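So the chains spell out like this:
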Amino acid sequence: MQFYVDNSLGTGRAREYFYASSQVWARYVSFVTSVVNHWNPITQMYYRDDPTILAWELANEPHTTDQFELSPKGPTQFGDQGVTIGRGQLVGRLVNQWLCRAATLLKSLDPNHMVTTGEEGYRTNGPYLSTAPEHNWLNNGLKGVDFDSNIKCPDVDFMTLHVYPDNWNVPFWQYQFVIDNFITDRTKLAHAYNKPVVMEEYGCCKAADYVGKRGQVFAAFHDAADALGMAGTIVWQVVPWSGLKRDGHYDFTYDEDGGWQVKDMARRMNAK
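These numbers come from a predicted model, not from an experiment. (Residues numbered from 1 in each chain as written. Predicted model: local features only at pLDDT ≥ 70, side-chain atom pairs only at ≥ 80, totals over all residues. Heavy atoms only, no water.)

**Focus on the layout of surface pockets**
Next, step 1: There is about 210 Å³ of room inside the largest pocket.
Next, step 2: Secondary structure elements with two or more residues in the lining of the largest pocket: β3 (55-57), β6 (114-116), β8 (197-202) and β9 (232-233).
Next, step 3: Broken down by class, the residue content of the lining of the largest pocket amounts to nine nonpolar, three polar and three charged.
Next, step 4: One number sums up the size of the second largest pocket: a volume of about 160 Å³. (1 Å grid on protein atoms, 1.4 Å probe; cavity = no way out; pocket = protein on both sides within 12 Å on 5 of 7 lines; lining within 4 Å. Points joined across faces, edges and corners; volume = space filled by probe spheres on them. Helix = DSSP H or I, 4+ residues; strand = E, 2+ residues; numbered from the N terminus. Nonpolar A, V, L, I, M, F, W, Y, C, P; charged D, E, K, R; others polar.)

If you want it as structure tokens, here you go:
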């Protein structure tokens, strides 16, 4: 997002102009149009016609800077797209209006493929998490993304979740809290609107209390995904050999902790 802003408006502007600037939008439209209409000389077809492409993701983890929409004391128009932010306004509107617009754009360019948001799954007006109030930021609009509203974008075909409990400072002994209050909650919300859910990013284990327990966490996540009828799970991330590891925490091979659970989940999904 910041790359688009810097190259459209110059450096020094907030990343949120990605969602609210006509100049930035024009660059995004140009890029998306080029990708969708790209001719692949190997397959001899345009990307828009390629059946091996699952879907288009509008952005990776679209959200605002923490509390951005709540920072103005009064309603303030932001950008040149007619969006108003500020206390008393709908938190999540900035990203939501952009996602709905971008989804419609993709569908107009390529009616052959599904479209998804690429969001993590944060809510703006979710239930108060009384059993773990320190994690209410997942539900209170801190990130400026409203999963509930994004579900309703008519041209979004399925929803996404990104789940990293240790990166969220959720201790190992609380990982079931993530299943109950995040994975289950979001999946049921989406299913109520007949939208499938893909847990398209999930992983651990950087925090000390998670080390050596990736398999246990993944097994619980996979059981939940299976029971909830998720459309798919995409782990972050398996690498073919250890020499390709980038950080040593979230990257792992099939021979390491968590590898068997990923293979088992693939077998389960393929059996459906």
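Okay, back to it.
**Focus on unusual backbone geometry**
Next, step 1: Cis peptide bonds are those with omega within 30 degrees of zero, and the linkage from Trp 236 to Gln 237 qualifies with -20°.
Next, step 2: Counting through the fold element by element, Gln 237 comes out in the loop between β9 and α7 (259-270).
Next, step 3: The backbone of Glu 61 sits at a positive phi, close to 55°, despite the residue not being glycine.
Next, step 4: Structurally, Glu 61 can be placed in the loop between β3 and β4 (76-78).
Next, step 5: Positioned with a positive phi, Asn 194 is a non-glycine residue whose angle comes to about 60°.
Next, step 6: Structurally, Asn 194 can be placed in the loop between α5 (175-192) and β8.

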